[in-house]
Amino acid sequence: MSTDAKISKNLMQVLKDGEDGFMKAAKEMSSQSRTEVASTLEKYSTQRATYYAELERLAKGYGDDLEESGSLSAKLHRGWMSVKEALSGSDAAAVLDAAEQGEDHAKSEYEDALKDDISSDLRVVVQRQYEGICAAHDEVKRLRDTTQNLHA
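Residues numbered from 1 in each chain as written. Predicted model: local features only at pLDDT ≥ 70, side-chain atom pairs only at ≥ 80, totals over all residues. Heavy atoms only, no water.

### Observations concerning the overall build of the protein chain
Helix and strand counts for the protein chain stand at six helices and zero strands. Starting at the N terminus, the α and β elements of the protein chain follow one another as α-α-α-α-α-α. For the protein chain, with 152 residues in total, the buried portion stands at 47%. Sequence-distant contacts, at least 24 apart, represent 79% of the contacts inside the protein chain between residues at least 6 apart. Put simply, the protein chain shows about 7,700 Å² of open surface, and 49% of that area lies on carbon and sulfur atoms. (Helix = DSSP H or I, 4+ residues; strand = E, 2+ residues; numbered from the N terminus. Buried < 20%, exposed > 50% of the residue type's maximum accessible area, 1.4 Å probe, protein only. Contact = heavy atoms within 4.5 Å. Areas by Shrake-Rupley, 256 points an atom, 1.4 Å probe, with all protein chains shown as cover.)

Below, the structure is given as structure tokens:
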């Protein structure tokens, strides 16, 4: 498997994790009548699905098989996967804190990918997606901080 394929596969796992995590967080916020926050989290879930599809299309172009396999599919990311359980029944600040932790992980994975020796085509996509993930992280952090300050 090429370096591009390995990087793409890893980032796709991170993106799927984020898509699912944001959707669960959005549902929790909806159940608490926090519709504005829920809407923002749904937006980022959709963003992650879009990024995933973009990487998948690019990967098909270099002909690598990115189907789930053994050790890579079994690998659990330290980001969203470790905090999803905390979402159910949690207050808004706790949900947003979990989301921000997941975003810290996503940023880290993208930073690692950008340090790797990847093709220029993939680099352009990863850089653009990284910028979107950083913006999402900052907004989630701002929402979390605002929510915590309201309850302080």
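### Structural notes on the environment of Gly132
Positionally, Gly132 belongs in helix α6 (residues 120–150). Gly132 gets classed as buried once you look at its relative accessible area, which sits at 13%. Sequence spacing of Gly132 and Arg48 is 84 residues, and the spatial spacing of their C-alpha atoms is 9.6 Å. When neighbours within four sequence positions are excluded, Gly132 is seen to be in contact with Gln47 and Tyr51.

### Brief notes about the packing of helix α1 (residues 3–31) against helix α5 (residues 92–115)
In contact at an axis separation of 10 Å, α1 and α5 are set at 170 degrees when each is read in the N-to-C sense. Classified by the angle their axes make, α1 and α5 are roughly antiparallel. Residue-level inspection shows Ile7, Asn10, Leu11, Val14, Leu15, Phe22, Ala25, Glu28 and Met29 of α1 in contact with α5, the latter providing Ala92, Val95, Ala99, Glu103, His105, Ala106, Glu109, Tyr110 and Ala113. Of the residues contributing to the contact of α1 with α5, the split by class is 13 nonpolar, two polar and three charged. (Axes fitted to C-alpha atoms, helices over the stretch in contact; angles between N-to-C directions. Parallel < 35°, antiparallel > 145°, perpendicular 65-115°, else oblique. Nonpolar A, V, L, I, M, F, W, Y, C, P; charged D, E, K, R; others polar.)

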